[in-house]
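These are the residues of each chain, in order.
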Amino acid sequence: MNTLHIKFIFLCSIALFFSTTMNAQTRQELEKELKFLKARKETLLRELKAAEKDYKTQKGKLKKLQPMKSRNDSTLKGEDLETTITRLQTNNDSLRNELAVLRDSLNGFEMQREELEKFKKNAADKFFERNSGYLQRHFNEMSIIELEKIRERGNELGMTEFVKTIDATKRNKKIFDKASTILNNKYNESAINGMLQEIEKTSFPNDIQKEDMEEKKRLLNVFKEGLGTFKDLIAKYAQYRNTIFSESDVNEQIVIITNNIGKEGMDKIKDVPYLKRKYDEYIKELKKNPKSREETETEKKINNQ
């Protein structure tokens with residue numbers, strides 16, 4: 001590789017680096033550039049080693065020829081000796097120049113590598129500032145998709161510890177979502193017991209998310225009792241069904257029953273999403289057809305659990 005070729009590659013790599021930095025290209029592009037620079041460094045080191053070896057060899061030959069000139073050895077004509085010494089000296093000068101360019105190229109690479117590392121660290125710091133707060137939110141303010149996006153970018157930036165935190169948050173978010181699904185569907189004792197066991201084995205990094213999961217645990221624990229309270233409400237209303245003739249009668253009877261059950265009992269119905277939804281549907285059914293003496297669809301669903 002000649003001197004001009006080395007200079008050309010060096011200048012191109014410098015230009016590419018500054019172009020990358022100024023245009024704020026993606027981390028993936030920076031990684032490709034860094035990979036290129038590392039490969040270039042290995043090439044330069046190999047060439048430098050070969051050049052130094054050749055230089056030492058030529059220098060050795062030159063030293064051997066020096067005494068020959070002083071002795072005017074008969075095996076070489078004086079003119080040939082002078083020509084050889086001049087050629088070797090010229091070659092040595094060329095090698096020295098090429099070595100200097102190689103060393104400059106290596107120094108340039110190290111500067112670029114340091115700048116890239118600074119750029120990487122700055123990008124990682126800014127990324128952490130922008131996204132660390134997301135991991136402190138309530139679980140219902142997060143999405144698995146967004147967490148995966150943050151994880152992917154953090155991984156590209158080499159943020160090992162941050163990625164571990166994201167993975168833990170993602171696992172906990174999935175547990176939270178699974179608990180939410182159970183609470184939004186008909187009562188399933190096996191699923192509830194399994195979920196409670198899973199929650200007990202899980203640790204949470206901050207108080208906000210710990211409180212989120214504690215609330216899910218509370219609702220899972222009251223689901224069965226809330227379902228029983230709902231069945232009692234239905235049974236009590238059924239006792240007075242034949243006396244109901246208008247929406248006003250429905251409202252009056254429901255007030256009497258719910259007051260009898262009490263706030264604590266009604267909260268066990270209204271706090272569990274599935275029971276709350278079914279309770280609202282039940283009241284709508286009663287008001288829609290107050291004179292009906294038949295069991296409503298919601299009554300059937302609740303009583304069959």
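Attention here is on the structure that accompanies the text. All of these numbers come straight from a predicted model, not from anything done at the bench.

Criteria and thresholds
Residues numbered from 1 in each chain as written. Predicted model: local features only at pLDDT ≥ 70, side-chain atom pairs only at ≥ 80, totals over all residues. Heavy atoms only, no water. Helix = DSSP H or I, 4+ residues; strand = E, 2+ residues; numbered from the N terminus. Buried < 20%, exposed > 50% of the residue type's maximum accessible area, 1.4 Å probe, protein only. Contact = heavy atoms within 4.5 Å. Areas by Shrake-Rupley, 256 points an atom, 1.4 Å probe, with all protein chains shown as cover. Salt bridge = Lys/Arg side-chain N within 4 Å of Asp/Glu carboxyl O. Core = buried A, V, L, I, M, F, W, Y, C linked by side-chain atoms within 4.5 Å. Axes fitted to C-alpha atoms, helices over the stretch in contact; angles between N-to-C directions. Parallel < 35°, antiparallel > 145°, perpendicular 65-115°, else oblique. Nonpolar A, V, L, I, M, F, W, Y, C, P; charged D, E, K, R; others polar. Phe/Tyr/Trp six-rings, centres within 6.5 Å; stacked < 30°, edge-to-face > 60°.

### Details of the overall build of the protein chain
Piece 1. Along its length, the protein chain carries 11 helices and 0 strands.
Piece 2. Along the chain direction, N to C, the helices and strands of the protein chain fall in the order α-α-α-α-α-α-α-α-α-α-α.
Piece 3. Sorting the 305 residues of the protein chain into buried and exposed places 36% on the buried side.
Piece 4. In the protein chain, the proportion of contacts linking residues at least 24 apart, taken out of those at least 6 apart, comes to 72%.
Piece 5. About 18,800 Å² of surface is accessible on the protein chain, with carbon and sulfur atoms providing 50% of the total.

### Concerning the pattern of salt bridges
Piece 1. Under the criterion given, the structure shown has 17 salt bridges.
Piece 2. Across the salt bridge formed by Asp177 and Lys173, the nearest N and O atoms sit 3.0 Å from each other. Highlighted residues: Asp177 and Lys173, both in helix α5 (residues 160-183), separated by 4 residues, approximately one helical turn.
Piece 3. Of the residues examined, Asp177 reaches a relative accessible area of 27% and is grouped as partly exposed.
Piece 4. Across the pair Arg241 and Glu299 runs a salt bridge, and its minimum N-O distance is 2.9 Å. Taken as a pair, Arg241 in the loop between α7 (207-239) and α8 (247-261) and Glu299 in helix α11 (residues 297-303) lie far apart in primary sequence, 58 residues in all.
Piece 5. With relative accessibility at 0%, the residue Glu299 sits in the buried group.
Piece 6. One network of salt bridges, with partners in common, ties together Glu200, Glu214 and Lys217.

### A few points about the nonpolar core
Piece 1. With 49 residues, the main nonpolar core has Leu220, Phe223, Phe230, Tyr237, Leu275, Tyr279 and Tyr282 as its most contacted residues.
Piece 2. Counting only elements with at least two residues in this core, the list comes to α3 (78-131), α4 (144-156), α5, α6 (189-200), α7, α8, α9 (263-270) and α10 (273-288).
Piece 3. Take this core: its biggest share by element is 10 residues, from α7.
Piece 4. Setting aside residues up to four positions removed in sequence, Leu275 forms contacts with Phe223, Gly226, Leu227, Phe230, Lys268 and Ile269.

### Some thoughts on the environment of Lys301
Piece 1. As for its position among the elements, Lys301 is in helix α11.
Piece 2. Residue class for Lys301 comes out partly exposed when judged on its relative accessible area of 44%.
Piece 3. On a C-alpha basis, the gap between Lys301 and Lys278 in space is 8.9 Å, while along the polypeptide they are 23 residues apart.

### Things to note about the side chain of Thr296
Piece 1. Residue placement: Thr296 occurs in the loop between α10 and α11.
Piece 2. In this structure Thr296 comes out as buried when scored by relative accessible area, which is 12%.

### Points about the packing of α9 against α10
Piece 1. Interaxial distance between α9 and α10 falls to 6 Å at its minimum, and their mutual angle equals 100 degrees. Regarding the angle of α9 to α10, the classification is roughly perpendicular. Contacts from Met266, Lys268, Ile269 and Lys270 of α9 reach α10 at Leu275, Lys276 and Tyr279.
Piece 2. Tallied by class, residues from the contact of α9 with α10 come to 4 nonpolar, no polar and 3 charged.

### Quick word on the packing of α8 against α10
The description of two packed helices rests on the angle between their axes and on the distance between the axes.
Piece 1. Direction vectors running N to C along α8 and α10 enclose 140 degrees, while the axes themselves pass 9 Å from each other. With respect to their mutual orientation, α8 and α10 come out oblique. In this structure, α8 contributes Glu247, Val250, Asn251, Ile254 and Thr258 to the contact, and α10 contributes Tyr279, Ile283, Leu286 and Lys287.
Piece 2. Considered class by class, the residues forming the contact of α8 with α10 number 5 nonpolar, 2 polar and 2 charged.

### Thoughts on the environment of Tyr279
Piece 1. Locating Tyr279 in the fold gives a position in helix α10.
Piece 2. For Tyr279 and Thr298, which are 19 residues apart along the polypeptide, the C-alpha to C-alpha distance reads 8.1 Å.
Piece 3. Beyond its immediate sequence surroundings of up to four residues, Tyr279 is in contact with Phe230, Leu233, Ile254, Thr258, Met266, Ile269 and Lys270.

### Digging into the side chain of Gln253
Piece 1. Relative to the assigned elements, Gln253 resides in helix α8.
Piece 2. For Gln253, a relative accessible area of 9% translates into the label buried.

### A word on the packing of aromatic side chains
Piece 1. Enumeration according to the criterion identifies 9 aromatic pairs in this entry.
Piece 2. Taking the centre distance of 6.0 Å and the plane angle of 65 degrees together, the rings of Phe230 and Tyr279 count as edge-to-face. Of this pair, Phe230 sits in helix α7 while Tyr279 sits in helix α10, placing them 49 residues apart in sequence.
Piece 3. For Tyr279, a relative accessible area of 7% corresponds to the buried category.

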